[in-house]
Amino acid sequence: MGIYINKTYFEQKFATLIKRGNSFDESSIEVIDAYLAGKPTRTKKHKKVNKSDLFWSSQFIWDCSAEVLNSDSFVLALTQYFSSNFTSNFRLIAHITNKSPVAVRKGIRRSEIVLRPKSDKWLEIKKLAECFPEQLNELILVCEHFQIAHKQRIDLLAKYQEVFKKITVFELLSYSSLYAFKGFVEPAYSLDGELFSTSVKFNAMTKILEWKLSVAEPSSFKLTEMNIGKSLKVHLSPIVFPSNENSSVSDALLDQFSKLVQAQIELNEFLSRSVVPFCFNAENYYFLNGSQLECKIQDDGGDKAWQQNGRKLALLDGYWFNRGVAEFASLGLAEKQIGSKDYHQWNQTAYIKALGATLQLNDIYGIGESVSTDSGMDVNIFQAILSLELMIAFYSKDYVEVFYNEYQNTSHWQMALGILAMSGLKENNGNAFQNRLPIAWLNWKQKAKNIVAWTVSEVFPNGNLKAARAILDFWSLDFKKWSLALKNNNTQNLPELTERPIFKVGNYSVQLPWMMANQLTGINAINNLRRFANSRSELKSETTRIEERLGESFKMRGFKVLVGYQPSSTECNNAGEIDLICRLDEVLLVIEVKSTYRRNSLKEALQYKNNALRKAGLQIERKVEAVNHLLVTNDRFKSLLGITDISRCNVIGWIADTCLEFDHEYFNGFLKVSIEELHIALNDDVDLLMDIEGLDSVENNTEESASLYQEGFSGKYFVEAIEHSKVWKSLVEI
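This report concerns the structure included in the present document. (Residues numbered from 1 in each chain as written. Predicted model: local features only at pLDDT ≥ 70, side-chain atom pairs only at ≥ 80, totals over all residues. Heavy atoms only, no water.)

Comments concerning the overall build of the chain
So, step 1. In terms of regular secondary structure, the chain is built from 27 helices and 16 strands.
So, step 2. Rg of the C-alpha trace for the chain: 29 Å, near the compact-globule value of 27 Å for 734 residues, within the 12% margin.
So, step 3. The C-alpha extent of the chain, read off along each of the three principal axes, is 85 × 65 × 55 Å.
So, step 4. Excluding contacts between residues fewer than 6 apart, the proportion of contacts in the chain whose partners are at least 24 apart in sequence is 71%.
So, step 5. Element-wise, carbon and sulfur atoms account for 49% of the exposed surface of the chain, whose accessible area totals about 35400 Å². (Helix = DSSP H or I, 4+ residues; strand = E, 2+ residues; numbered from the N terminus. Rg over C-alpha atoms; globule rule 2.2 N^0.38 Å. Contact = heavy atoms within 4.5 Å. Areas by Shrake-Rupley, 256 points an atom, 1.4 Å probe, with all protein chains shown as cover.)

Structural data, given as structure tokens:
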């Protein structure tokens, strides 16, 4: 064993733990976890210190046991090492490779270095393989196979991107709409004959638009009625209104756009189906059989869990829709006509969805009545959601439904699109002509005026223009600003394209009917508000409301509840604030609350698991320890919870999260569960869960629609309902 000189934060922490009586392995893991948690906290005095350099220069790592080196914590530390070009300790990594090659291989795979063959760290890994060929050569060959396949797809995509470099952003949007309407009724296939789903095409077109904005000329963002008209004449009209005039340019570009989408999908699917499993599922074994890369799937639990997660989300959408229906009825709106007779049913559904989404934002995410937009304007959250739902209803009814009906009559997508466009040219009771082309645009100021009626309230009985502008601001994406951020590789603070479906291009708003008809308003609102929550002033109050509202649900079931309890720190434990402590009967729940957004990919979810949820497992361990200490030492604490006999107290730690990813998995030995599941179990309203699309609900099964608590509610039965997934058992294969 080496001699340790206390020079760095990590070496000092290790020495302190050893002196305190911790074992070598326990001390090592705690120091590794501190590194992963971003310690030491940066100070003005040490603001230029490279934490990774400090950690990887620590002497104790040389003597870590194989158990420590193979731990999840150390593999994550290795992942960070191989992800960065700014830290290098080749001698130490060579030592670790000799002692635990499995950990090094996992770290290499998780770092995603497979897609960075030109990085300095990849050269270091190849040098490492020269020293340990038996341990690393096969992995190097597999990575090189992936790199060749990746380059082939990148090159194919670049080939078709070249065609669209010179056209404007507006024109690319036009072709995306033509392609989308065609795709509603005509299938599209991959290079190997696999049918593309709507969501796969949707994601590809989003990536294509992001690429276009990253290379767009400034002139693309200067829309006028004149250049819009010129663009339509060349690119859209020849396809929507076929005539004897030459349509070769638009026909050729639409064909090329189809190939561009195909190439983008090939790349996306390669990354999601091949690269992501290789990087993040270390249980799967990859090898070369001649020149063919093959994989032995040892564990597909992650894919199944991700699919199961999608099923739960669908059921929760139905739950909040049903909550919206109940709220709609309680407001006395069920018997009232909303809007014109033709639009009543669509508007009614939009109103119900908006109510449900607002309830979800309020109960689960702590969102208040209003929030601030990017420009600092305050927007009423219900009005913002209702406005988008009404837009969805409009585009679904007046565009997509009409298109489908005309396609049924004509069996030809271009003819159906032409009839749809012509329907807007007919005068309607003296009103102005309506744009029914597959791309919609309007002067920005006029767009705001058009939705003033949707802001009617008791305060503003005639609506309010400022409120309408705030709604547009909430849902809009300024293409010029977005383009600049993409060109500067500043992608960390960018929303997803679909989360802001009203595009601001110069002085115009531009919308894509196909995109509007496929919006998921609730998810978009959640992600708009939570994806970059740190930049919003309301974050702290929202986080507090999440804890308070969950606490109220526990109180309504008879629990004694402490919210935001701050125990005194001890020499061995600084637990920090404990979000929720809930006690009923012999059950004492200690809950760590996490608030985040909805992730769109398995890769994002796995990164969240390896960082935030792993950290939450460490946090809840400290808080459970603190509560156990308080039970022994603090009479006032016991009095607050009505505890007289600590021997009958069963202390249970849970991680409660606003997202569903990795629900019912254990982190550091503690269960992770969604806040929505806790609310549903406490309310005992599982019967409201429903898949709206599949019309699959608990109502079809009278046995399962009964109470979760057949013998009455108690702390014990509540814990059983959560730990045995009784909320989902009848609806999702657990």
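Back to the write-up after that little detour.
Side note on the pairing of strand S10 (residues 578-584)
So, step 1. In terms of burial, S10 is largely enclosed, as 7 of its 7 residues are buried.
So, step 2. Pairing analysis gives 5 bridges linking strand S9 (residues 560-565) to S10, with the strands arranged antiparallel. For Val561, the partnering residue across the bridge sits in S10 and is Cys582.
So, step 3. By the bridge criterion, 5 bridges tie S10 to strand S11 (residues 587-594) in an arrangement that is antiparallel. Counterpart to Leu584 in the pairing with S11 is Val587.
So, step 4. Here S10 hands over to S11 after 2 residues, with Asp585 in that stretch at a positive phi of 55°. (Buried < 20%, exposed > 50% of the residue type's maximum accessible area, 1.4 Å probe, protein only. Pairing = 2+ DSSP bridges.)

What about helix H22 (residues 521-530)?
So, step 1. Most of H22 is tucked away: 10 of the 10 residues are buried.
So, step 2. Along H22, the residues that are buried comprise Thr521, Gly522, Ile523, Asn524, Ala525, Ile526, Asn527, Asn528, Leu529 and Arg530.
So, step 3. On the buried face of H22, the contacting elements are helix H15 (344-363), strand S3 (370-372), helix H16 (381-410), helix H19 (465-475) and helix H23 (539-556).

Here we look at the sheet that holds strand S6 (residues 476-478)
So, step 1. Taken together, the 4 strands give an open sheet; going across it, the order is S5-S8-S7-S6, and neighbouring strands pair in mixed fashion. A strand with exactly one partner marks an edge of an open sheet, and here the two such strands are strand S5 (440-443) and S6. Going across the sheet, the axis of each strand differs from the next one's by a mean of 30°, ignoring polarity.
So, step 2. As defined by bridge partners, S6 adjoins strand S7 (residues 502-505) across 3 bridges and the pair is classed as parallel. Across the sheet, residue Asp478 finds its bridge partner in S7, namely Lys504.
So, step 3. Lying on the sheet, H19 is in contact with S6 and S7; it crosses S6 at an angle near 65°. (Axes fitted to C-alpha atoms, helices over the stretch in contact; angles between N-to-C directions.)

Purely spatial values, then, with no claim about function.
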